[in-house]
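# Topology and contacts: notes
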Amino acid sequence: MKRKNILLIAVVLALIIVCIFGSMSYYNHSKTDGSTLESREKILDKSGAGFKNQKWTIATEQELDGYIISGAYSTDGKATIAIFEPVGNGKYGFMASENRSSDNIFITNAILDGIPYDLIWFPNAQTEYAEIVYTIDGQSQDAVRYDTADLKLICRNAPAKEYTIHVTYYDSEGNEHSNFEPSGT
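Residues numbered from 1 in each chain as written. Predicted model: local features only at pLDDT ≥ 70, side-chain atom pairs only at ≥ 80, totals over all residues. Heavy atoms only, no water.

## Details of the overall build of the chain
Broken down by element type, the chain carries 2 helices and 12 strands. Ordering the α and β elements of the chain from the N terminus gives α-α-β-β-β-β-β-β-β-β-β-β-β-β. In the chain, once contacts between residues fewer than 6 apart in sequence are set aside, the share between residues at least 24 apart is 44%. Approximately 10800 Å² of the chain is accessible, and the part contributed by carbon and sulfur atoms is 53%. (Helix = DSSP H or I, 4+ residues; strand = E, 2+ residues; numbered from the N terminus. Contact = heavy atoms within 4.5 Å. Areas by Shrake-Rupley, 256 points an atom, 1.4 Å probe, with all protein chains shown as cover.)

Right under this line is the structure:
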């Protein structure tokens, strides 16, 4: 009889421990403190990132001066570049986003801690590399080349207060995908 009671108590304790760890795991997975990619996706879902009632999937991320820059797709074919700012203890809050059709090259600006950056991403194309050419005061600068095989975001310090930027992406066949936008302030 004592063995049955001890066994029963052990089973009940084991179930309680499993329930506690399961609920803790669920809580940690479902929290939206921005500390994980999954929690940043949930933040985007809740923010709507400009498109309400959409589910977002982050395809790429890059850390930039303590901020996290995310490139994400929505369930309706939209894409966003979202910025998450550090709020302490490894947590991040939603700061801003730029949204477009996922068929377009993104070229946008962000100012992080007073420093201007160009954020560039081509979300809907498998490309090998990108070339960026700035024009400052009417003078074309040398092209800068970036590997984009993994759909990487390109984050660069803005070269001047006023400038234009021309971005050309190249796929493995050498086909060009181009975008030209005035930038700067």
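## Regarding helix H2 (residues 37-47)
All of the buried residues along H2 are Ser39, Arg40, Glu41, Ile43 and Leu44. Taken together, the buried residues of H2 touch strand S1 (56-64), strand S2 (67-74), strand S3 (78-88) and strand S4 (91-101). (Buried < 20%, exposed > 50% of the residue type's maximum accessible area, 1.4 Å probe, protein only.)

## Focus: the packing of aromatic side chains
Summed over all chains, the structure comprises 6 aromatic pairs. An aromatic cluster is built from Tyr73, Phe106 and Trp121, whose rings are joined through pairwise contacts. The ring of tyrosine 129 is capped by arginine 145, whose NZ or CZ atom sits 3.5 Å from the centre of that ring. (Phe/Tyr/Trp six-rings, centres within 6.5 Å; stacked < 30°, edge-to-face > 60°. Lys NZ or Arg CZ within 6 Å of the ring centre and 35° of its normal.)

## As for unusual backbone geometry
Even without being glycine, aspartate 65 reaches a positive phi, approximately 50°. Along the chain, aspartate 65 falls in the loop between S1 and S2. Residue classification places aspartate 65 among the partly exposed residues on the basis of a relative accessible area of 43%. Non-glycine residue asparagine 89 carries a positive phi angle of around 55°.

## Concerning the side chain of aspartate 118
Structurally, the position occupied by aspartate 118 is in strand S6 (residues 115-121). There is no salt bridge for the buried aspartate 118, and the closest opposite charge comes from arginine 156, which lies 5.6 Å off by N-O distance. Polar side-chain contacts of aspartate 118 include one of 2.7 Å to the side chain of asparagine 109. Those residues within four positions of aspartate 118 in sequence are excluded, and the remaining contacts are Thr108, Asn109, Tyr134, Ile154, Cys155, Arg156, Ala158, Pro159, Tyr163 and Ile165. (Lys, Arg positive; Asp, Glu negative; His and termini not counted. Salt bridge = Lys/Arg side-chain N within 4 Å of Asp/Glu carboxyl O. Polar contact = N/O pair within 3.5 Å; in protein donor to acceptor, adjacent residues only side chain to side chain.)

## With respect to the pairing of S2
Among the 8 residues in S2, 7 count as buried, and that is most of the element. Relative to S2, S1 runs antiparallel, the two being bridged by 8 bridges. In the strand pairing of S2, glutamine 62 is matched with isoleucine 69. Counting the residues that bridge the hairpin from S1 to S2 gives 2 residues, and of these aspartate 65 lies at a positive phi of roughly 50°. By the bridge criterion, 6 bridges tie S2 to S3 in an arrangement that is antiparallel. (Pairing = 2+ DSSP bridges.)

## Some points on the sheet that holds strand S10 (residues 154-157)
Read across the sheet, 3 strands follow the order S5-S6-S10 without closing on themselves; strand pairing throughout is antiparallel. Where the open sheet ends on each side, the last strands, each with one partner, are strand S5 (106-112) and S10. Direction aside, the axes of adjacent strands within the sheet are offset by 25° on average. Relative to S10, S6 is paired through 4 bridges, and the arrangement is antiparallel. Opposite tyrosine 117, over in S10, you have asparagine 157 as the bridge partner. (Axes fitted to C-alpha atoms, helices over the stretch in contact; angles between N-to-C directions.)

Function cannot be inferred from these measures alone, as they are strictly geometric.
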